[in-house]
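# Analysis of the macromolecular model
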Amino acid sequence: MDNDRHDRKDGPAILFLCLGNICRSPLAEGAARAAFDAAGIAATLDSAGTGDWHVGRPPDARAQAEARRRGVDIGTLCARQLVPEDFTRFDLILAADDQNLCDARAIEPPAATARLMLMLDLVPGRAGESVADPYYGDDGGFAATWADVSAVAAALVSAFASSG
Ligand code: 4NP
């Protein structure tokens, strides 16, 4: 028995992945947490970045403000970098864009059990699309990110609601 692997009664274990873990993936984690809570479905949710520049920091203030506008507090999240163990701790690793996918594959261990895919692959009609990086843009980019990650969260909840 692998103690590192989460218990099934805790629901699916899902890791959201982006570059810095301060904009897209913490917003995705916050949106998913709110959606799973609202649906009454247990899940283990976390986020990480492929890069290490922001490790230990809270989400970008603009991302926190966007989440707050939607009634979600992501201010207690703390950036961390993706590690090979994540590929056995999680069932699903959802990347924001193709570069994140590529960088994740570079450290994927042979024993990986997690399914690795793009976040928007889960959203009907949006497979293969990226969640655009809002970091260098204006605040409108964060609203677009929230719309994307909310669609991902809704798709996850309906998938896991129907799979029991
Ligand atoms: P994220 O956004 O990957 O959505 O967290 C970024 C955060 C930081 C940087 C780039 C993207 N950066 O270059 O520091």
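Presented here is a report on the structure given in the accompanying data block. (Residues numbered from 1 in each chain as written. Predicted model: local features only at pLDDT ≥ 70, side-chain atom pairs only at ≥ 80, totals over all residues.)

### Observations regarding unusual backbone geometry
A positive phi angle, near 60°, is found at Asn21, a position not held by glycine. Relative to the assigned elements, Asn21 resides in the loop between strand S1 (13-18) and helix H1 (24-39). (Helix = DSSP H or I, 4+ residues; strand = E, 2+ residues; numbered from the N terminus.)

### Observations regarding the packing of H1 against helix H5 (residues 140-162)
Close contact between H1 and H5 brings their axes to 8 Å; oriented N to C, the two are set at 40°. Between H1 and H5, the crossing angle belongs to the class labelled oblique. As for how H1 packs across H5, the hand of that crossing is right-handed. Residues Arg24, Leu27, Ala28, Ala31, Ala32, Ala35, Phe36 and Ala39 of H1 form the contact with H5, whose own contacting residues are Thr145, Trp146, Val149, Ser150, Val152, Ala153, Ala154, Leu156, Val157 and Ala161. For the contact of H1 with H5, a count of residues per class yields 15 nonpolar, two polar and one charged. (Axes fitted to C-alpha atoms, helices over the stretch in contact; angles between N-to-C directions. Parallel < 35°, antiparallel > 145°, perpendicular 65-115°, else oblique. Left-handed = near helix turned anticlockwise from the far one by under 90°. Contact = placed C-beta atoms within 7 Å. Nonpolar A, V, L, I, M, F, W, Y, C, P; charged D, E, K, R; others polar.)

### Focus: the site of the ligand
The environment of the ligand is formed by Cys18, Leu19, Gly20, Asn21, Ile22, Cys23, Arg24, Gly49, Trp53, Asp133 and Tyr135. Looking at the shell around the ligand residue by residue, the class counts come to six nonpolar, three polar and two charged. (Near = placed C-beta within 6 Å.)

### A word on helix H2 (residues 61-69)
Residues of H2 that are buried: Ala63, Gln64, Glu66 and Ala67. Summarising the axial view, the buried residues of H2 lie within an arc of 160°, below the 170-degree limit, and thus occupy one face. Of the exposed residues in H2, those oriented more than 90 degrees away from the buried face are Ala61 and Arg69. On its buried side, H2 packs onto H1 and H5. (Buried ≥ 20, exposed ≤ 12 C-beta atoms within 10 Å, placed from the backbone. Arc of directions from axis to C-beta.)

Treat this as a map of the structure, not an account of what it does.
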